[in-house]
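The lines below spell out each chain.
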Amino acid sequence: MTEPVRHRPDAIARRGLILILSSPSGAGKTTLTRAIAQDGGWGLDLSISVTTRARRPSEIDGKHYHFIEREAFEDLRARDDLLEWAEVHGNFYGTPRRPVERVLSAGRDMIFDIDYQGTRQVRAKLTDDVVTVFILPPSMAELRQRLERRAEDSQATIEKRLENARHEIQRWSEYDYVIVNDDLQNAFTALQSILTAERLRRTRRTGLAGFVEGILSEGQGS
Ligand SMILES: Nc1ncnc2c1ncn2[C@@H]1O[C@H](COP(=O)(O)OP(=O)(O)OP(=O)(O)O)[C@@H](O)[C@H]1O
Ligand SMILES: Nc1nc2c(ncn2[C@@H]2O[C@H](COP(=O)(O)O)[C@@H](O)[C@H]2O)c(=O)[nH]1
């Protein structure tokens with residue numbers, strides 16, 4: 001008896017995607033971004049931004065951000081080395097272009113933690129391959145508590161970020177998905193579900209036609 005043919009669904013080729021998380025400061029996007037990127041099972045590359053903001057005590061240069069001077073930021077912009085950039089809370093932030101191009105051309109996925117201005121720019125450039133998620137806090141009071149408990153910014157910076165949060169929260173409707181980060185584990189599960197579903201999208205799976213042909217050709221011409 002001949003062995004039944006076993007097609008391998010995990011080998012179906014697909015285009016890489018960019019998963020963008022945005023939120024007001026303190027809603028938890030960095031926590032969620034890092035949790036899913038550090039879980040090797042998800043095979044996500046994390047985009048490391050450049051910023052002119054001062055490093056927080058817990059941050060490591062090259063891991064959390066590339067901390068650079070304003071002049072170096074202007075040089076990157078002038079050379080078109082940034083995929084997108086924005087001024088947020090009085091500092092400049094940008095996504096280095098080359099790592100993104102490398103990851104996408106290898107058919108892998110990348111996760112970004114960027115604001116709504118950057119999200120608009122990336123979406124305009126890479127329309128089909130961008131999935132956007134907005135993280136909401138359960139309340140303004142909880143947002144304040146999280147920023148104060150995190151204790152990484154001065155009180156003046158926290159007040160400024162809370163003021164900006166009211167403006168940023170109003171961008172929620174520009175996003176494909178919205179997660180309310182009340183319980184962290186629930187929010188993480190929701191994020192994993194979004195990634196799983198988006199990876200299964202027919203339009204992104206360039207190898208699907210070949211896979212179907214393989215199934216249909218079984219037993220033909222033998
Ligand atoms: N569901 C949650 N419940 C309670 N605390 C949380 C939850 N999610 C995140 N936090 C905590 O809230 C704080 C802010 O989270 P995080 O730094 O991820 O926010 P952020 O949106 O990335 O903010 P920023 O834009 O300022 O970097 C952190 O101390 C984090 O541990
Ligand atoms: N447009 C971009 N926004 C970015 C980028 N990297 C981070 N950010 C956003 O800035 C604020 C503040 O971040 P923080 O680390 O200082 O708290 C937050 O909304 C980030 O998402 C970027 O490369 N481009």
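The shown structure was predicted, so the numbers you read here are calculated from the model rather than taken from an experiment.

Student: Explain the environment of T119 to me, and be specific about the residues and the numbers.
Tutor: Inspection of the secondary structure assignment puts T119 in helix 4 (residues 116-125). Remark: the alpha-carbon pair of T119 and R15, spanning 104 residues in sequence, is separated by 19 Å. Excluding residues within four positions of it along the chain, T119 makes contact with I20, S22, I114, T132 and Y175.

Student: Talk me through the packing of helix 5 (residues 140-150) against helix 6 (residues 155-169); I want residue IDs and the actual numbers.
Tutor: The contact between helix 5 and helix 6 brings their axes to 11 Å, and the two run at 145°. You can see that helix 5 and helix 6 cross each other, and the crossing is right-handed. Taken together, the residues of helix 6 that come into contact with helix 5 (itself represented by M140, L143, R144, L147, E148 and R150) are Q155, I158, E159, R161, L162, A165, R166 and I169. Partitioning the contact of helix 5 with helix 6 into residue classes produces seven nonpolar, one polar and six charged.

Student: Tell me about the site of ligand 2, and please be specific about residues and values.
Tutor: In the neighbourhood of ligand 2, 17 residues make up the surrounding shell, with S49, R53, Y65, Y93 and R161 lying closest. A distance of 2.5 Å separates an oxygen atom of ligand 2 from a polar side-chain atom of Y93. Side-chain polar atom of T95 to an oxygen atom of ligand 2: 3.4 Å apart, as the coordinates give it. A total of 510 Å² of accessible area belongs to ligand 2 in isolation, and the protein chains cover 96% of it. Under a 2 Å grid-point criterion requiring more than half of the atoms, the pocket assigned to ligand 2 is the largest pocket. Those elements that place two or more of their residues in the shell around ligand 2 are strand 5 (82-88) and strand 6 (91-96).

Student: Can you explain the layout of surface pockets? Please cite residues and give values.
Tutor: Reported here for the largest pocket is a volume of approximately 870 Å³. Of all the elements in the fold, those that place two or more residues in the lining of the largest pocket are helix 1 (29-38), strand 5, strand 6, helix 5 and helix 6. When residues of the lining of the largest pocket are assigned to their parent elements, the largest contribution, five residues, is made by helix 1. For the lining of the largest pocket, a count of residues per class yields 13 nonpolar, 15 polar and 14 charged.

Student: Can you tell me about the side chain of R97, naming the residues and giving the values?
Tutor: If you trace the backbone, R97 turns up in helix 3 (residues 97-105). Side-chain polar atoms of R97 contact the backbone oxygen of L82, separated by 3.3 Å. Every residue in contact with R97, bar those within four places of it in the chain, is listed here: D80, D81, L82, L83 and K125.

Student: I'd love a proper account of helix 1, names of residues and values included.
Tutor: One turn of an α-helix holds 3.6 residues; hence residues three or four places apart share an orientation. Turning to helix 1, its buried residues number three or more, namely K29, L32, T33, R34, I36 and A37. The inward-facing, buried residues of helix 1 contact strand 1 (18-22), strand 2 (44-46), strand 7 (109-113), strand 8 (130-136) and helix 7 (184-199).

Student: Before we move on, could you go through the site of ligand 1 and cite the residues and values that matter?
Tutor: Looking at ligand 1, there are 18 residues lining it, with S25, K29, T30, T31 and R150 nearest. The contact in question runs from an oxygen atom of ligand 1 to an N or O atom on the side chain of R161, over 3.0 Å. In isolation ligand 1 exposes 630 Å². Once the protein is present, 78% of that is buried. Among the cavities detected, the one that contains ligand 1 is the largest pocket. Taken together, the elements giving at least two residues each to the shell around ligand 1 come down to helix 1 and helix 5. In terms of residue class, the shell around ligand 1 is made up of three nonpolar, seven polar and eight charged.

Student: Tell me about the pattern of salt bridges, residues and numbers included.
Tutor: This structure, assessed with the given rule, holds 23 salt bridges. When the shortest N-O distance is used, the salt bridge between R77 and E74 registers 3.4 Å. Placement of the pair is R77 and E74 together in helix 2 (residues 70-78), with a separation of three residues, close to one helical turn. Judged by its relative accessible area of 27%, E74 falls in the partly exposed class. A salt bridge links D109 to R199, with the shortest nitrogen-to-oxygen separation between them at 2.8 Å.

Student: Run through the UniProt feature "binding site: ATP" (unreviewed entry) in the protein chain, naming residues and quoting values.
Tutor: Following the UniProt record, one finds the feature "binding site: ATP" (unreviewed entry) at S23, P24, S25, G26, A27, G28, K29 and T30. Lining the largest pocket, from the residues named above, are S23, P24, S25, G26, A27, G28, K29 and T30. Following the sequence through the fold, P24 ends up in the loop between strand 1 and helix 1. Here P24 is in contact with K29, F134, I135, P137, L143, A165, E168 and I169, once residues within four sequence places are set aside. Residue T30 is classed as partly exposed on the basis of its relative accessible area, which comes to 37%.

Criteria and thresholds
Residues numbered from 1 in each chain as written. Chains lettered and ligands numbered in written order. Predicted model: local features only at pLDDT ≥ 70, side-chain atom pairs only at ≥ 80, totals over all residues. Heavy atoms only, no water. Helix = DSSP H or I, 4+ residues; strand = E, 2+ residues; numbered from the N terminus. Contact = heavy atoms within 4.5 Å. Axes fitted to C-alpha atoms, helices over the stretch in contact; angles between N-to-C directions. Left-handed = near helix turned anticlockwise from the far one by under 90°. Nonpolar A, V, L, I, M, F, W, Y, C, P; charged D, E, K, R; others polar. Near = heavy atom within 4 Å. Polar contact = N/O pair within 3.5 Å; in protein donor to acceptor, adjacent residues only side chain to side chain. Areas by Shrake-Rupley, 256 points an atom, 1.4 Å probe, with all protein chains shown as cover. 1 Å grid on protein atoms, 1.4 Å probe; cavity = no way out; pocket = protein on both sides within 12 Å on 5 of 7 lines; lining within 4 Å. Sits in = over half its atoms within 2 Å of the grid points. Points joined across faces, edges and corners; volume = space filled by probe spheres on them. Buried < 20%, exposed > 50% of the residue type's maximum accessible area, 1.4 Å probe, protein only. Salt bridge = Lys/Arg side-chain N within 4 Å of Asp/Glu carboxyl O. UniProt positions renumbered as here; feature names shortened; annotations may be inferred.

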